[in-house]
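# Per-entry structural report
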Amino acid sequence: MKKLDTGEKSTWCPGCPNSLILEGVKQALAKRTNVAIVSGIGCHAKIFDYLNLPGLNSIHGRVLPTCLGLKIGNPNLNVVGFSGDGDAYQEGISHLVHAARYNSDFKYLVHNNQVFALTVGQPTATTEIGFKDKTTMPFGSKIVPLNPIKLMLACGASFVARVFADIKQVRWILNEAFKHKGFAFVEIIQPCITFHPDTGYKEKTYSLEKTGHNKRDLKAAFRKADEFDYNTVKKIPLGIFYQEKRETFEEKYPQLVKLKKKEISWRNIKR
Amino acid sequence: MKLSILFGGKAGLGPNILGSILGEALVKQGYYVFYSRDYQSLIRGGHNFNVLTFSDKPVYSNETKIDILVALDENTVRIHKKDLKKRAEIIKGSHVNMYFAGALFKVLGLDFKILKNRLKSLRNFEENLKSAKKGYIEEKERYEIKRLKRKKLTFMNGTQGIAHGAIRSGLDVYYAYPMTPATPLLGILAQKQIEHNYLVLEPENEIAVINAAVGSAITGAKSMLGTSGGGFDLMTETLSMCGMVGIPLVIYLAQRPGPGTGVPTYTRQGDLNDARHAGHGEFPRIVLAPGNPIEAAELTSEAFYFSQKYKIPCIVLSDKHLAESFYTFTRKPRIKRSNKSTKLIKYTSYEHFKKGVSTEDAKKVRKGVEERLKKNKKIKKEAEKFRMFKIYGNKKSKNLIIGWGSTKGAILDAIKGLNCKFLQVLYIEPFSIKIKKHLKRAKNVVVVENNSTSQLSDVIAEKTGFLIKNKILKYDARPFFGEELNKLIRKKLK
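This one's a predicted model, so the numbers in the text were calculated from it and none came from an experiment.

## A short note on the overall build of chain B
- For chain B, the count of helices and strands is 17 helices and 22 strands.
- Compactness check: chain B gives a C-alpha radius of gyration of 24 Å against a globular reference of 23 Å for 494 residues, within 12% of the reference.
- Its C-alpha atoms give chain B principal-axis dimensions of roughly 80 × 55 × 40 Å.
- For chain B, the proportion of its 494 residues judged to be buried stands at 62%.
- Nonlocal contacts in chain B, meaning residues at least 24 apart in sequence, comprise 75% of its contacts between residues at least 6 apart.
- Counting only carbon and sulfur atoms, one obtains 51% of the accessible surface of chain B, whose full area is about 20500 Å².
- Charged side chains of chain B number 87 positive and 46 negative; the gap between the two group centres comes to 7 Å.

## Some remarks on a positive patch on the surface
- A cluster of basic residues, Lys65, Lys487, Arg490, Lys491, Lys492 and Lys494 of chain B, forms a positive patch on the protein surface.
- According to the relative accessible area criterion, Arg490 of chain B is partly exposed, its value standing at 44%.

## Thoughts on the sheet that holds strand E12 (residues 313-319) of chain B
Residues and elements named next belong to chain B.
- Taken together, seven strands build an open sheet; the order of strands is E8-E7-E9-E10-E12-E11-E20 and the sheet is mixed. Edge positions in the open sheet fall to strand E8 (199-201) and strand E20 (427-429), since each of these has one partner strand only. Across the sheet, the axes of successive neighbouring strands diverge by a mean angle of 20°, strand direction being ignored.
- Where strand E7 (residues 173-176) lies against strand E9 (residues 223-227), four bridges are found, and the strand directions are parallel. If you follow Tyr175 over to E9, its bridge partner there is Leu225.

## A closer look at the pattern of salt bridges
- Scanning all chains against the criterion turns up 36 salt bridges over all chains.
- Among the salt bridges present, the one from Glu227 of chain A reaches Lys235 of chain A, with a minimum N-O distance of 3.9 Å.
- For Lys92 of chain B, the salt bridge is made with Glu74 of chain B, and the minimal N-O distance between the two is 3.7 Å. With Lys92 of chain B in the loop between strand E5 (84-91) and helix H3 (97-107) and Glu74 of chain B in helix H2 (residues 74-80), the pair connects residues that are 18 residues apart, well separated along the chain.
- With a relative accessible area of 54%, Glu74 of chain B lands in the exposed category.
- If you follow the salt bridges from partner to partner, you end up with Arg276, Glu429, Glu462 and Lys463 of chain B in one network.

## What about the domain arrangement of chain B?
All names here are of chain B.
- With domains assigned, chain B is organised as domain 1 (2-138), domain 2 (156-383) and domain 3 (389-493).
- Inter-centroid distance (C-alpha atoms) of domain 1 to domain 2 is 36 Å.
- Across the boundary between the two partners, domain 1 contributes 13 residues, which contact 12 residues of domain 2.
- Taken together, the two surfaces of domain 1 and domain 2 that pack against each other cover about 1200 Å², and 53% of this comes from carbon and sulfur.
- If you sort the residues of domain 1 by the area they bury against domain 2, Phe34, Arg37 and Tyr39 come out on top, with a joint share of 40%.
- Along the contact surface separating domain 1 from domain 2 lie one salt bridge.
- A salt bridge links Glu324 to Arg37, with the shortest nitrogen-to-oxygen separation between them at 2.6 Å.
- At the surface where domain 1 touches domain 2, the tally comes to eight residue pairs in polar contact (both at pLDDT 80 or more).
- Among the elements that line the side of domain 1 that touches domain 2, the one with the most residues is strand E2 (residues 32-38), at seven residues.
- Each residue belonging to the side of domain 1 that touches domain 2 can be placed in one class, and the counts come to eight nonpolar, three polar and two charged.

## Digging into the pairing of strand E1 (residues 2-11) of chain B
All names here are of chain B.
- Of all 10 residues in E1, eight are buried, a share of seventy percent or more.
- Direction of pairing for E1 relative to strand E3 (residues 45-55): antiparallel, over a ladder of nine bridges. By the bridge assignment for E3, Ala11 is matched with Gly45.
- Alignment of E1 against strand E4 (residues 66-71), held across four bridges, turns out to be parallel. Looking at E4, one finds that Gly8 is bridged to Ala71.

Cut-offs and rules
Residues numbered from 1 in each chain as written. Chains lettered and ligands numbered in written order. Predicted model: local features only at pLDDT ≥ 70, side-chain atom pairs only at ≥ 80, totals over all residues. Heavy atoms only, no water. Helix = DSSP H or I, 4+ residues; strand = E, 2+ residues; numbered from the N terminus. Rg over C-alpha atoms; globule rule 2.2 N^0.38 Å. Buried < 20%, exposed > 50% of the residue type's maximum accessible area, 1.4 Å probe, protein only. Contact = heavy atoms within 4.5 Å. Areas by Shrake-Rupley, 256 points an atom, 1.4 Å probe, with all protein chains shown as cover. Lys, Arg positive; Asp, Glu negative; His and termini not counted. Charge placed at Lys NZ, Arg CZ, Asp CG, Glu CD. Patch = residues over 30% accessible without salt bridge, like charges linked within 9 Å, V, L, I, M, F, W, Y side chains within 5 Å. Salt bridge = Lys/Arg side-chain N within 4 Å of Asp/Glu carboxyl O. Pairing = 2+ DSSP bridges. Axes fitted to C-alpha atoms, helices over the stretch in contact; angles between N-to-C directions. Domains from an automatic or database assignment. Buried area = accessible area lost by both parts, 1.4 Å probe. Polar contact = N/O pair within 3.5 Å; in protein donor to acceptor, adjacent residues only side chain to side chain. Nonpolar A, V, L, I, M, F, W, Y, C, P; charged D, E, K, R; others polar.

So, in structure tokens, the structure goes:
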């Protein structure tokens, strides 16, 4: 695991679950080669500084097209994108819809803390009604939250999952995501200990795998997605909601197929 | 001799193909052809027209008056009656477009065999040949356009120039979202991607375009993207990031009249300042302005060279007039080779002290800024080895005409016979210090631009301290005509 350390000191709040995500990611990536990472803007993006892996700490909301560009630049890369809920569900939501369509073979982790934390606590697209903050919603958030799992299912994503910010769960789902050929959407519920703490979230979670959910059944996936509306916390299903085998973006372009076959990137092509 | 032919009709009737067929045939016969398109933002109906001017001597713009009018509908005759010369020929009637091709070949006294051979490369050969023959038989010969003996001429438009330059420079990936007048490049490059082994993609929007291009660029691929003003505006946040991170990108920016949606299918040089200043923060960039298709190819290759060497965004600034007009040349473009220099390492949009690790430390922040300034200096120095500007006309004349981009053709045609020196600026950023010398030597300085605020004058004032008062500006979304500009220049020099 040491080779994945950059030696940079963590600037997350002490006790932030992001540290658990970092550890889970490290464990899942420890033996993988040819990895490139991309992050957006927000607390999640600090993970870029703590992982000794190449890639880009980009601007707000543009993780997905950057990942696509990396895969097109070199289809042999194992690309992992990191976003926050502001990144994925607001600033860059158009890219999310299309990433599901492209089905490019990269993995996408959304650290959803249901709040803009690095800008001191404003509501995001997945914040519950009634949430109060000092800067924008002093009388409580009034807007219905978005259900990203349902959105991704509706967009035709070939791999849709949710886990809790926990080392084991993150390690497991990232490994599952790598086994999947195509775009893997993984949401990580990561309660913000400062601006959106866990008020009984963890107790309400349960495993889809252990309760016999059929991940090939899209209708069942939608029913499971409906169990948690990000507004009221009754049940929070975790695991793989849906998985489908589908041709990847990289398999559709003969130019990329060639690069993959020869295990090279455009950089190796002299012109 | 010089003749101008106007092809007009509703969109969908096919005036474009007529112009191309005749243009190619005339170039093969050894004539200089200049051919421009005027079309509306609609797919069927309306009124589109193309003007083809040809001569045995170089010609780079259209004439205002027409010798032959090819009217694919009645409307064309009504609209263009005022543009006709006294004894102009009108070819009209209710025919299919290849009938007009045949008729035109006859009027000009061109060999029918040339047309027949060209028709072979199109669909519905038999049908087209029949119509063309009918037109040829029914028309009378009026001119005798003989084959001229000279070296083979090159005939292409600005878009083809950019495509040629990009492919020959080793393009790996091209990203674009459709927007006139940058769309034709997307079309040409998409067609040739398998043959030349590169990839073309149209992502979901312009923001995705530039960010995907960034992703590919950091793997070491030669990445390029294309857009017009509105799309470029959407990209500017990422453009700024490229400056911070150090990303090699070639950006094809084809201008059209703004602000807003503006006049989408027409032309203007309104985005010079936008290209120079877009993006927050201070960072190095290059802005190049080709004035014809040959320069479009050459400057695209130089954009690849500089972007790869210095890891910066390079903007190649064109416009609708250059992108879609065809020009004739006696030579082929010279391409500057560039090596792929980027490796996949850690990159960050934050200020950083070593590659990819962000910093807020005052000393390190200052150093980061100074690194970018240093880059700017190096680029400036090396650019002086390139042709940052060109001089035409009477090199000793005290009358100096200055222009950039697509006005070049009309200026070259306009200064024929005048005591004028024409200085064409190709490198806008960086700007050659040597230009100051030419400004100082001149008695009369006139700037010619296809915009309303004379943005090049601003650049010159900023870079040299030289204030230019004499300006010829056209901003009706149409390009200059050679003789129109000739009159305007003469007035200014009186």
